[in-house]
Structure formats: C-alpha cells, structure tokens
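Residues per chain, in single letters:
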Amino acid sequence: MSSVEIRNLRKSFGPTEVLHGVSFTIPDGAFVALVGPSGCGKSTILRLLAGLEEVSDGELLIDDRVINDVEAKNRDIAMVFQNYALYPHMTVAENMGFSLRLMKRSKADITAAVKNVAEVLGIGELLDRLPKQLSGGQRQRVAMGRAIVRQPKVFLFDEPLSNLDAKLRVQMRAELKALHSRLQTTTIYVTHDQIEAMTMADIVVVMRDGFIEQIGRPLDLYDNPKNSFVAGFIGSPAMNFLPVTTEAGSATFSFGDGQSLSLAKFKHLQGEFLIGIRPEHFQQQKTRNGLSVTIESIEQTGAETLLQCQSGDQKVVIVLHDRFAASPGEEYRFGFDLADLHLFEAESGKAISS
Amino acid sequence: MTVSSNTRSRRKNLLLDIMLFVICVLLLMPLLLLIANGFKTPQEILVWPPTILPKDPTLENFHRVFSETPLFRWIFNSLSFALLSMIAIVITSTLAGYVVAKFQFWTINVIFTLFLATAIIPFEVYMIPLYFQVKALGALNSIGGLLIGYLVMSFGIFLIRQNVIAAVPDELIEAARIDGAGEFWIFWHIVVPLLKGPIAALSVLAFFQAWTTFAWPIVVLTRKTAFTIEVGLANFQSAYTVDLALLSAASAAVMVPSVLVFVLLRRSFVEGIAASGMKE
Ligand SMILES: Nc1ncnc2c1ncn2[C@@H]1O[C@H](COP(=O)(O)OP(=O)(O)O)[C@@H](O)[C@H]1O
Ligand SMILES: [Mg+2]
C-alpha cells in the first residue's frame, strides 16, 4: 500500500501539450477515479505513472519518493489495460504468474499465488486455457488477476470495463469495489463513465482538456460542482442549464421566455448567468418556485418517468419518481427547491456560492 | 442452390482439376525425367522420345558420382552454409524487424529505408568489390567468406516488421514492461513466440536462398573440396564433358535434402507467408 502524489504534471507530445500542470494526492489505500471526456488526458496520466511515457515537467511520487526516472519495470505498479493485453501464447496461469516468474519466485510459490487469486476471481477452472479460448468477461478477470497476483504498491485501471456488455459491467463494478475493500491497495481508475466513477471511487478527479476541473468525494461533486462543466458531467441525465439575466439589486432572474425567479440571496449580482437544475430535482407538486414547460415526450420506465420538455427555446429534461399523467403538448408547471438550484457565471461557467 | 447451377459448378471444378493436374505434370516432368535419367544407362539417356521409366535401371551412375566426386563434402558444405546463413538471417531480421516496427526514432526509420533500398541493387553489382574485400581478409574458400553476403536479408527485415506490426500490439510490450520484464526478455519471451510462423517461413526462404545460390560461391570458392553443391554440379559440365547420366544422378541425389526440408517445414512455411500479412 502506498500513497501517490502528482505535482504540477505536464506532458507534451511533440509541440502539443496535453497535460497542463495537473496536481493531486492519493492517500494510502484510496480508490481514485479519473473521469472526463475522451481525449482529456486520463490515459496519459496513467501511462506516465506506469513509466510508459516520459514526464515533460513536474513530479510523480510514490510514498514520498520521486519516481520520474525510475524504469517501468522497477516501479512496482500493476496496470490493467482496456483491451486486457493478455499474452496470447501463454495460458491463463502463465499470464497471471508472469510477473512472479520475473521476480524469480519459486514455481510452487507462483502456482499457489496464481491459484489463490484465480479462486477469488472465480477463474480457477480456466487456468490451463489460452486467452483466445476465453470470453470477454473472463479475459477481463484474468487481466485483473495478473495485476492482483503481484501485490503491487498501486493498481492502475484504464477503462477496464468498457469492452464488456452493460450487465456484466454493473456486476464487475461491484466486484471491483468489493475487491478493493478487501485488498486495500491504492487504486487509480480511469473511466469516461461518470457513473462508474461515482459508484466506485472514494475520490473523483474530473478532468477536461488536460486540466483538472475538480477533485472531491462523489457526492460533493454532485452537490457542489465548482463549475458548469463538472455540474453537467456528473449526474445522469445531465443537469439542465437555463440562461438568465438580472439587474443589480433586483434579485429577479429572468429566463428568456418571460418567466422569472426571485433569488434574494443573489440580489447583488448583475449580468448573464446560467441556472442549473438537475432533472431529478423537479417536483410534480406545486411549490412557491417553479418552471412552466411544454411537455414534448414522456418515457415511463415504471420506477421513474423521464420527460423531455421545452421552456422557451431551451430543452429541459425532467425525471420524476412518480407516475405522471399528462400528454405531449401539454403545458405544466414543475416545482423545485431553491436549495437545489445552482448558479453559474454565463461566460466562465464558474459556480457562484452565496 | 438449383440442380443446374450445381452441375455447372461441378463441371467447373472438374475443369479446374484437370487444368491443375496438367500444370502439375508439366512442372514435375523435368524433375521426373531428371530422376529417371539418373538410373539410366548412357545409351538410354539419348533415346528419343525419352523414357519415363528406365528399361534397365542401374545404380552405376550414383556409384560413380559418389566415388569420383566429393559429393558428400559438397552437400555438407552447402548444408553448413545454408544453415548458418539461415540462422544469421533469422537473428538479424527478427531483431532488426522488431526494432524498426516498435521503436520509432527517425534515425531508425532512415536506416530501415536504406536497408530496403539495398533490395533493389542486384547482388551481382557489388559482388566483385565484395570479392576483393573477402580476398583481402583471406577468407576465400571458407564458409566465413561465403557467408559474408548472406548474413542479412532486407526482405526478411521487412517480413518480420510487417508481422510485428500485425501481431504484437504495443500494449503487450507495455504490459510486460510493467510486469517487470527487461527489453531482451520481452523480445525473447513475448515477441519471438508470437512470430513463430513468419520466422519459420523466413527460415525456409533463407535456407533455400543460400542452398541454391550460385554466382557468389563460384566466385569465392576455387578449391574443389570447398565447393558447394551448386558449384560442384556446374563443374560437371566443363571438367567431365557433359556426362548427362552422371549429372542427373548427382542432381537427383542433391534434391533429397531440399525436398526433405521443404516437406518438413511446408506447413509453417505456408502459414508464415499467409500471416506475413496482407491479412487484416
Ligand atoms: N503517443 C501520443 N502521441 C501524440 N498524441 C498523443 C499520444 N498519446 C495521446 N495523445 C493525445 O493526448 C491527448 C490525451 O490522450 P489520452 O490521455 O489518451 O486521453 P483519454 O485517455 O482521456 O481519452 C489526446 O488528445 C491524444 O490525441
Ligand atoms: Mg484513454
């Protein structure tokens, strides 16, 4: 078990810089998710940590020791690749025991360790098979097994579940989480799927275009996003953003279509803003505040009702946890709590706290 | 499938079979004649039309070949030359092909391009300068001198490079690095096993390239005991007038090892060439 620290990390490929000074600290044993849209630099961070790429600037530390110049093979980090990267000519047992063999451990030791981990992962029956004789889910487990057998200081996962079907993904999510609480090994988990990040991680690092947008516990990110990017990225369906304008001192925030909202605690503000409200924070009951929308389509899943609506020229998505009797085309006023509203500067997207 | 199209396709297949059979016979004919000639008396060889099965088979020709010429010595020379050249080419091609495929520095690319360029210069062009080099080294009439032009094969490098690109994803190498493997270990335990097919194909190619080569050995080898089989056979024509029966017997005897090697390696050869790539 180990702590990991990244200090002002920069990485350029040729003339293009893809990481622009990234810093965060991972306490010993934590499960951290790096999440962000495709191409934002998540894999690059993992590859730098693993020693597969050279750092352009900044420092990587494991247990307070700078590892920038330590070779990949000496970093004692295990990585699970998106496409598993199993050695095609080796059996499952040989794949899993590969690193132990390199550590010159005895045959008996290796067999025992591999067997032990294989049992935990439920692949004890597969040890003599070749990778090409396995299903996607089984390969995934072998790849994880190969990492676990080593008992490394740190686990790196690069979108390990993205090649699995939806059902298996949900199952593996739970298993990975259980595995982590059992092994307590420091883990960095890269995903573009915010639900994976939210459900598995102790700490979530939200990235965009080579910058960190916010670091926090999953629910902190959900409740207090620092900007409209994080607000829109975390949560599904995504938060609704509605442009509003206000005059200083008036406390009245007007939507484009003539509706408005009175927010006393923001009466010092002036200019253009975005009001953010999550789909699940609308209520069917009338409250003092609300928003009138035209319902465009209704999707009932039984547990919840998803409404696609239009307010002025803005799309609004609403999720209700009750059944809802209305038909498309109808106008309806949904309520919400002011506490659930988020306000962002229109231009920078920065969240405004009261 | 309807009945008529079924019969039509059967007829087409039959036609194809006949055609292939004819081609096969045409290809094999000279070979069969050669083997048959080895067993004929000098008189029967000159009979027209030639007989396929000798009327009066004799082992006399083989007997004379082995007693009058150091044929075994020549076969041994050819075999050592071909095997050493094969080993050298497999090693150099595998190493260079892997490096060119996976380590992309511009210097490596330039060197690779130069290597490919050597493929378009016929060997005969630099054979004579090379001869003087070998002579200066005092390596005439030796396996070493013979090998000098046959240690590296640019097509081999290209073949391995293509196969590495197709069959060895970066992630495998990276996974091995993270698992604690050094570069040579990765090459030996990950890359080479994945290239079994192409390496086998290359071995066959390299072996027969050396086995059948003629121009270079005849330049470098002047002592009779140092001859390779090709040079030895050529010598039949001048030194012993053209004794067809003797030459046929020698050639037939010489074919045995090459046919054996090919039969043994045929499968991996075909697989290796098929995998060399153009699939995917
Ligand atoms: N080897 C490379 N050479 C050039 N550009 C690269 C290389 N690897 C990644 N990049 C670029 O760096 C950016 C971040 O990539 P990556 O870390 O893979 O993103 P993510 O994993 O978040 O999807 C992308 O714009 C990508 O094109
Ligand atoms: Mg990635």
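Residues numbered from 1 in each chain as written. Chains lettered and ligands numbered in written order. Predicted model: local features only at pLDDT ≥ 70, side-chain atom pairs only at ≥ 80, totals over all residues. Heavy atoms only, no water.

Caption draft 1: Up close: the overall build of chain B. The number of helices and strands found in chain B is 14 helices and zero strands. If you list the helices and strands of chain B from N to C, you get α-α-α-α-α-α-α-α-α-α-α-α-α-α. Expected size for 280 residues packed as a compact globule is a radius of gyration near 19 Å; at 24 Å, chain B overshoots this value by more than 25%. Seen through its principal axes, chain B has C-alpha atoms that stretch 75 × 75 × 30 Å. Of all 280 residues assigned to chain B, the portion counted as buried reaches 40%. (Helix = DSSP H or I, 4+ residues; strand = E, 2+ residues; numbered from the N terminus. Rg over C-alpha atoms; globule rule 2.2 N^0.38 Å. Buried < 20%, exposed > 50% of the residue type's maximum accessible area, 1.4 Å probe, protein only.)

Caption draft 2: Main features of the nonpolar core. Core analysis: the biggest nonpolar cluster contains 99 residues, and I45(A), L156(A), L71(B), I190(B) and W216(B) have the highest contact counts within it. Broken down by element, this core gets its largest block of residues, ten residues, from helix α4 (residues 71–102) of chain B. Setting aside its immediate chain neighbours within four residues, I45(A) contacts I6(A), L19(A), V22(A), F24(A), L34(A) and M207(A). (Core = buried A, V, L, I, M, F, W, Y, C linked by side-chain atoms within 4.5 Å. Contact = heavy atoms within 4.5 Å.)

Caption draft 3: Representation of the site of ligand 1 in the model. Residues and elements named next belong to chain A. Close contacts around ligand 1 come from F13, V18, S38, G39, C40, G41, K42, S43 and T44, and that covers them all. Residue C40 places a main-chain N or O atom 3.2 Å away from an oxygen atom belonging to ligand 1. Measuring from an oxygen atom of ligand 1, one finds a backbone N or O atom of K42 at 2.9 Å. Here ligand 1 loses 56% of its free accessible area of 560 Å² to cover by the protein chains. By residue number, the principal contributor to the shell around ligand 1 is helix α1 (residues 42–50), which donates three residues. Here the residues of the shell around ligand 1 sort into three nonpolar, five polar and one charged. (Near = heavy atom within 4 Å. Polar contact = N/O pair within 3.5 Å; in protein donor to acceptor, adjacent residues only side chain to side chain. Areas by Shrake-Rupley, 256 points an atom, 1.4 Å probe, with all protein chains shown as cover. Nonpolar A, V, L, I, M, F, W, Y, C, P; charged D, E, K, R; others polar.)

Caption draft 4: Local environment of the environment of T58(B). Residues and elements named next belong to chain B. With respect to the helices, strands and loops of the structure, T58 is situated in the loop between α2 (42–45) and α3 (60–68). Spatially, the C-alpha atoms of T58 and T41 are 6.9 Å apart, while their sequence positions differ by 17 residues. The residues touching T58, leaving out its near neighbours within four places in the chain, are G38, F39, K40 and T41.

Caption draft 5: Spotlight on the domain arrangement of chain A. Residues and elements named next belong to chain A. When the domains of chain A are assigned, the result is domain 1 (4–232) and domain 2 (238–345). Computed over C-alpha atoms, the centres of domain 1 and domain 2 are 39 Å apart. Contact residues are listed per partner, giving eight residues for domain 1 and eight residues for domain 2. Summed over both sides, the interface of domain 1 with domain 2 buries roughly 630 Å², with 59% coming from carbon and sulfur. Across the contact surface, domain 1 and domain 2 share zero salt bridges. Applying the counting criterion to the domain 1 and domain 2 interface returns two residue pairs in polar contact (both at pLDDT 80 or more). Breaking the side of domain 1 that touches domain 2 down by element, the ones donating at least two residues are α7 (218–223) and α8 (228–233). (Domains from an automatic or database assignment. Buried area = accessible area lost by both parts, 1.4 Å probe. Salt bridge = Lys/Arg side-chain N within 4 Å of Asp/Glu carboxyl O.)

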